[in-house]
Structure formats: structure tokens, C-alpha cells
Amino acid sequence: PSVDKNYCGDLTDKALEFCKIFNEIDYRIGENKNWYLGVDNLEGAMAWTRSPILDSYVLMYEATKDTYYLDKLVLQIDDIISLRDDNRLYGDYNGESLPGWSSEAYTNNGKGMRFVVHSGVITYPMVKFAKIVYSNPSLYKSYNSKADFYLQSVNEVVDAHESEWVTGPNEIAADDEGYYIFPE
């Protein structure tokens, strides 16, 4: 879309100003080509650059109720899921190709590792998308299959980190607490 169409709905003057600025940035920086498509997480870019873009589309939908932002979100999420290690057969430091997005940027040996924090920030907007769809009957028909697929994908990523989860009680956590550790 051109920046002339604002996709901002019926907002207050201040919110309308913000919405138009967002659309201008999204159009110009993204060159209206849906920025960062194809960018993986090997340098951490997916976690720290792409996931905030996903969040911004969620927030813009919540503010405007315009499905234009959900459609942009779907395009990004589909691309991100296609770049999961298991979908592109990328082997991590153990040679395993599991659901998640490895990064080589934070390792001493240059081998990929799936960081739970990356998994969290990448998948959180997927969960928010599903919540929006499931709680809005007018969106359900158009987006239900995507919401189901995204939640399935999120569950696969969480399951891939299962061996890193430690449950209390222990010296760090109480009975009803837990935490993630770095894998060995």
C-alpha cells in the first residue's frame, strides 16, 4: 500500500499521528517489501530485529483493528517458521536439527545454539496472534488455520527446550518454580 492509505481507523489525534508515523517507517524502511524476509537467526537478527517487528504489527492491529497488520504479521511468521533449524536442516553444536532458531553469534566455537530467550521473543508474537484470533469471532474464519499452525509450531519449539528445564525444589527454586539452564 502507499503511505497515503493510513490503515489507522478511528483513532484519537495523538494515536492517529503515531499510526501514520509507523506506517511511514514501515513503508520506507521496509521498502514495502516486508523487511527482513529470509533473514535467519545465525547472527541473532531474528530474535533482536525481526521479533520487535512482529510485536509492532500485533500492537498496530490491537490499536486499529485493521487486518492489514495481521496480514503483514502472517507473512513474517510464515517466513520465520520456514527458517527454523528443523525446516532448513541446520545442525546445531550437537549436530541436531531441532525446532528453534540457532545463533552462532554468542558461542565461543562458532557453532549454532538454540537459546531459550531467542525462542521466547520469536514465538511470543505468534501466541499473541493466536489469542487475538481465538478471541475474535470475526477473525476466526480467516485466520484460524494460521493460529492453530502457529501454536503447534510454538509447542514444538518449547518441547525442544524441555531438556533445559529444571523444576524445584532445589537450592534455586521452590516447589512450584522452575527455570531454564544452558544445555551441556
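Worth saying up front: this structure is predicted, and the values here are computed from it rather than measured.

Novice: How do you make sense of the overall build of the protein chain when you look at a structure like this?
Specialist: What the protein chain contains, in helices and strands, is 6 helices and 4 strands. Going from the N terminus to the C terminus, the protein chain shows its helices and strands as α-α-α-α-β-β-α-α-β-β. Taken over 184 residues, the protein chain has a buried fraction of 41%. Contacts spanning at least 24 positions in sequence make up 52% of the contacts within the protein chain whose residues lie at least 6 apart. By element, 54% of the accessible surface of the protein chain is carried by carbon and sulfur atoms, the whole surface being about 10,100 Å². Of the charged side chains in the protein chain, 16 are positive and 30 negative; the average position of the first set lies 9 Å away from that of the second.

Novice: Sorry if this is basic, but what is going on with the environment of Y124 here?
Specialist: Examined against the element boundaries, Y124 turns out to sit in helix 5 (residues 116-134). For Y124, a relative accessible area of 48% gives the class partly exposed. Here the alpha-carbon distance between Y124 and G91, two residues 33 residues apart in the chain, equals 24 Å.

Novice: I would appreciate a short explanation of unusual backbone geometry in the present structure.
Specialist: Note: most peptide bonds trans; most residues except glycine with negative phi. Cis geometry is found at the peptide bond from G168 to P169, where omega equals 5 degrees. Note that P169 resides in the loop between strand 3 (165-167) and strand 4 (178-180). Positive phi values are uncommon outside glycine, yet K65 reaches one of about 65 degrees. Inspection of the secondary structure assignment puts K65 in the loop between helix 2 (45-64) and helix 3 (67-82).

Novice: Is there a simple way to explain the environment of P52 in this structure?
Specialist: Locating P52 in the fold gives a position in helix 2. Note on P52: relative accessible area 40%, which makes it partly exposed.

Novice: Where do I start with the packing of aromatic side chains in this structure?
Specialist: Here the distance between the centres and the angle between the planes together describe a pair of aromatic rings. The final tally for this structure, using the stated rule, is 10 aromatic pairs. Note on F115 and F182: the rings are 6.1 Å apart at their centroids and 85 degrees apart in plane angle, and the pair reads as edge-to-face. In this pair, F115 sits in the loop between strand 2 (113-114) and helix 5 while F182 sits in the segment after strand 4, placing the two residues 67 residues apart along the sequence. The buried category is assigned to F115, whose relative accessible area is 10%. An aromatic cluster of at least three residues, connected via ring pairs, comprises F22, Y57, Y68 and Y69.

Novice: Would you mind going over helix 6 (residues 137-160) with me for this structure?
Specialist: Residues lying three or four places apart along an α-helix face the same way, a consequence of the helix completing one turn every 3.6 residues. Helix length check: helix 6, at 24 residues, gives a terminal C-alpha distance of 32 Å against a target of 34 Å (1.5 Å per residue), a fit within 8%. Along helix 6, the largest kink reaches about 75 degrees and is centred on Y143. The complete set of buried residues in helix 6 reads L139, Y143, N144, A147, Y150, S153, V154, V157 and A160. On the buried face of helix 6, the contacting elements are helix 2, helix 3, strand 2 and helix 5.

Scoring rules and cut-offs
- Residues numbered from 1 in each chain as written.
- Predicted model: local features only at pLDDT ≥ 70, side-chain atom pairs only at ≥ 80, totals over all residues.
- Heavy atoms only, no water.
- Helix = DSSP H or I, 4+ residues; strand = E, 2+ residues; numbered from the N terminus.
- Buried < 20%, exposed > 50% of the residue type's maximum accessible area, 1.4 Å probe, protein only.
- Contact = heavy atoms within 4.5 Å.
- Areas by Shrake-Rupley, 256 points an atom, 1.4 Å probe, with all protein chains shown as cover.
- Lys, Arg positive; Asp, Glu negative; His and termini not counted.
- Charge placed at Lys NZ, Arg CZ, Asp CG, Glu CD.
- Phe/Tyr/Trp six-rings, centres within 6.5 Å; stacked < 30°, edge-to-face > 60°.
- Expected span 1.5 Å × (residues − 1).
- Bend = angle between axes of the 7 residues up to and from the residue.

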